[in-house]
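Structural overview
Letter by letter, the chains look like this.
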Amino acid sequence: MEFASLQDLCLLLISSAIRRCICSERLCRLSVLLQRSPASDPPLVRISISDTGLGSCIEEFQNLKCPVEGILAETWNGIVYVRTTNICDKEISCYQLNLKENVTTRKPILLPSNIKHGVKFSGTEVCLSVSESIDVLLEEFNCFFQKILVLKVPNIAMEVMADGQDVPGSRNDAVFLEKFSPSSSFAASTLDHLKFGLESYVLRHGSSLACDSCFPNRDNLRSGGGMVCEDKHKTTKLVVEAAVVTTEISNPTNNCFRAGCSNTKVLCFKDFAPCSISEALLKALTGIDWKRYGLALECAIDQRSHALLKWEHMPLSFHIHIVVHCYDKHVFEAMPLLQKTRFDKKLIRKAVKLALDDFKNKHAGVLLSADTLKVSACSRRNQEQLLKLASIFHLQISKFAPDLAKSIAGLVLYSSDMDFKEECLAILGLQPHQSEGEIVGENIKNKIISAIEVNDRRQQGTKEVAPLLFEGRHELQFVDDECDEDGLDPMDL
Amino acid sequence: MAGNLGRSERIDIMRKIRELTRSMIVELSNGSSKMIAIDRFKNYCINSIENCCCRFNLSEGKEILTLQRESHVRRLDVLLRVLLIIQQLLRENRHSSKRDIYYMHPSVFTDQSVVDRAINDICILLQCSRHNLNVVSVGNGLVMGWLRFAEAGRRSDCIKKPNSAHSIPVQVEEVTDIASPANYILVVEKESVFQRLANDHFCSRNRCIVISGRGYPDVPTRRFLRLLVDVLALPAFCLVDCDPYGFDILTTYRFGSMQMAYDAKYLRIPQLHWLGAFASDSDTYNLPQQCLIPLTLEDKRRTEALLLRCYLRREVPHWRLELESMLQRGVKFEIEALSVHNISFLSEEYLPSKIESELTKGK
C-alpha cells in the first residue's frame, strides 16, 4: 500500500489500529501522542500512535510503500518503531523498519523485547519522528478524529495528546470518547453507529461542540441507512455502508449554516479512516435518480476531503447530509489489511439508494418523489414539505388530490342512480346520510393521499416498471386529431 | 360504435361511466394507486410486412394511469373533469363542442389538445365514439354537387345549386334520407382547389359530389364521407398536393389517423383512390421547372417516415412507388401548379382524364 504524505501514513496507521481494536471485541483505547524532542536539531516531533486492540503482524507495515521524493522525504527519515504484543504473549516484541527501503529487500531490525511480567494485555505502538510543527500536526490529528468520530466505533476511546514544550509542563489533551446514547451498544450494527455518528456530526456542524441554537436535540434530525456487501474472496467481503440525515431549520437566516448554502457535503471513509474523493464515488452519486427522492441534482464536485452535491432550488431551511464508508470485512478471522479497499461505483450507489429508501420508509412524507409531492399537495404534512421543497421542481404547487377527489365525488353524487350512490358510499366506508359533497370528497382525497404514500414507499424496493407498453411512442400519440385547430403538425406523428 | 344516438345508447354510456367510477373507488379503497387502464390502438407500424402485427380494431396493449406519476395524474385530472362534464351532458341530453368543454376549465386544460386527448381516452374507456358522448366539434368541411340529405329533419339540397359550397353537417349521426344521382365522389385537399372547381362549374359539367376537409380532415368530414360512400356505394377519388403533407392527408382519409386509431373502422375510407397529383404528372403535363419546388430536408425526412408505414406496403404498394418517385426527383408541387398553362386546366382536362382513366380501370 502506497502513501504519498505524512497525513496518508498517519491515516493508514490509525485505520489499522481501529481495525485491530474492532477485531478484539473489547473496550479499547486509541491514543495519539505528539512530543517534541528538544535535543534534536532540527527539532523533531515524535508521533506515537498506540492502541490496545489485537497485536499487529509485521506484514501490516512491511508492505507500506513510501515515495523516495517529495516533501515527506525531507521531513521524515522513513523509520518507524513498532512495539506489539498479543494477549497470550509473554513479552512485547519490538522492531524497527525503514519504510524508505525497497519493499522486497526491506528487513525489520529486531530490538530487545520487553517482559510483560505475567500481565495480560495486547496492543501496538507505532512511533516515528518528523520535522514538522507540533501545532500543525495537532490540528491535523484533531481534524482526522473529528471525522473518524462519524463512524462511532463503539468500543474505542480515542485521544490526542500533545506536549506543549513551549510552555513547560503544559499539555494539550483532546479526548474523543463520547457518551453514547442508550440505543448505542456493542451489539448495534456498524451501520447504526454510522447513522448515529452522522447525526452527532450534524449536531456539532463537524466541530467538537454541539450547537444548541440550530438543533436543541436529535428530534430535529431524521436519518436512514443502507448497507451492501459483496464477496471479494473466500474470507473477505467488500462492505459499503451509507447513512443519510436530513435537517430542517426554522430560521434559515439565523443559524450556523452558511447563508445561501444548501449544498450537501458527502463524507467518505475507507477502511475506518477519512479518504479523499474518488471518481467512482462521484459517478456513483451522479448516477442516482435523485428525483425519486424529490431532489434535483445540479452537479457533484470533488472537494478532495469530501464531495459536494449542489441541488437545484433547494430551500435554505432543508439540508441533507450523507456519509459513505467502504471497508473490507474479514469473515472468519481478524486479518491485517494488506491491500487498500477499492471503491465500487455500483455498490456505493446501491448503498446510498438503500439509505434513501430506508429514510423514506421511516419518515413518511419526506423525500417523496417529485411526482408524488406534486400529486399529494393537499396533505398538511406534505404541504409543509412542499413549502420547503416546492421550488425544487420549477412547478407551482398543484393541488391534484383535492381536484381528483372532487371529480370522483361528483361522478358519484351527480349520478341519478341511487343504488350506485349507496354502493359507492359503502365502498368508501360512509353511511348513506354522509352523502354531502365535502364529506365524500374529503374521504376520497384521504384515500388518494394514502394510496400515493403507500405506493411511493412500496416502489422503492422494486424497479419501477413502465406501465406503458409503448412508452417510446406514447408522446406521439396524443396530438389532437384535428390538428388544424391546434396549430399542431400531424406530420410530427 | 357509430350509429344514431338514442336513449338506450345514452343510458348504456352512463352505465359505463358508473362502472368506471366504481372501479376507481374500489382501487382507492384497496390502497391501490392504479386508477384506470386505457387500451391502446394504432393504425400502422413501421415494421416489415413479415413482422407487422397491426390488428385493426384490436387493442395493442394497455396504458395504466397511476397516482405515482405526475404526468399520469395531470392526465387523470383532466380526464375526470371532462368525464364529469360528459356525465352531465348525457344526463340532460345536451350537446357541447370540444371548445365549450375547453372553456369550462381553461386554466387546468391549458390547451384544446389536452381536452381532445381526454375525450379520446374516454371514448376508449367507454368503448364508444365521440358523438356518443354528446360532444361535437365544429364542422370544417365543405361539400357541393349532386347530393340531397336531411339533418335532424332539416333538408339540405345541394343539387339546386351544385356549384355552391355547403357546410358538412356536424351531427353526422343525424343525417338521413341521403339521395344522389352522382357517379363518383371527389375529395380535394384544399379549399382553394374546391373553389376553383366551383368557379369552373365542375359539378354542373360532371355528375359528382365534391368534398374538402380544408387540410387535415376533421371527424365530421371523415364520418360524412364514409357515410356517403357506404350509403351511395360510389367510387371515391382524392386529389392532394404532390408533397408529403398532401400524401399524409390522403392516408388520413383512407386509413384514419393514429390519434383516433380506436375509431378508425368508422372513419377510414378503404375504397378511396388516389387521383393525384403524382410526381410523374410534372412530366405528363409538362409542368415548367419553375413550378417545381425542391424538397427540403424536412420534406425528405417526412417522406421517408411515410414510406415506412406498414399499411402502404400491405394495401397500396403502388402509392409507395409514387412517393419514392417524388423522393428520387427531389421536387414537389401544388395542385394549383396545373393552372400554369390554363386556369381551367384542372377542371377541364386533368381531372376528367384522370377520373375517366380510374373509372375505366374499375370496369
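Counting restarts for each chain, with residues numbered from 1 along the sequence as it is written. Written order decides the labels, with chains lettered from A and ligands numbered from 1. Only residues with pLDDT of at least 70 are given local features in this predicted model, and only at 80 or more are side-chain atom pairs given and counted; all residues enter the totals for whole chains, interfaces and linings. Values shown for side chains rest on all heavy atoms present in the structure; no hydrogens or waters enter the calculation.

If you check an unreviewed UniProt entry, chain B appears there as DNA topoisomerase (ATP-hydrolyzing) from Cucurbita maxima. Quoted straight from UniProt, the Subcellular location (unreviewed entry) entry for chain B says "Nucleus". UniProt positions are given in the numbering used here, feature names are shortened, and annotations may be inferred rather than shown by experiment. Taken from UniProt, the Catalytic activity (unreviewed entry) comment for chain B reads in full: "ATP-dependent breakage, passage and rejoining of double-stranded DNA."

Within an unreviewed UniProt entry, the label attached to chain A reads Type 2 DNA topoisomerase 6 subunit B-like isoform X1, and the organism entered is Cucurbita maxima.

**A closer look at the pairing of strand β4 (residues 91-98) of chain A**
Residue and element names in this part refer to chain A. Exposed residues in this analysis have more than 50% of their type's maximum accessible area, buried residues have under 20%, and partly exposed residues fall in between, with area computed by a 1.4 Å probe over protein chains only. In this text, helices come from DSSP runs of H or I with a minimum length of four residues, and strands from runs of E with a minimum of two, each type numbered from the N-terminal end. Within β4, six of the eight residues are buried, leaving the element largely enclosed by the surrounding structure. Should DSSP find at least two bridges between two strands, the strands are taken to pair. Remark: five residues form the turn of the hairpin made by strand β3 (residues 79-85) and β4, two consecutive strands paired antiparallel. Direction of pairing for β4 relative to strand β5 (residues 109-115): antiparallel, over a ladder of five bridges. When the bridges of β5 are listed, Ile92 appears paired with Asn114.

**Let's talk about unusual backbone geometry**
The general pattern is negative phi for most residues beyond glycine and trans for most peptide bonds. Note that the residue after Gly276 of chain B, namely Ala277 of chain B, is joined by a cis bond; omega there is 0°. Structurally, Ala277 of chain B can be placed in the loop between β13 (273-276) and α11 (281-284). In this model, Lys152 of chain A sits at a positive phi of 45°, which is unusual for a non-glycine residue. Residue classification places Lys152 of chain A among the buried residues on the basis of a relative accessible area of 4%. Here the phi dihedral of Phe272 of chain A falls at roughly 65°; this positive angle occurs in a residue that is not glycine. Among the secondary structure elements, Phe272 of chain A is positioned in the loop between β11 (264-270) and β12 (273-274).

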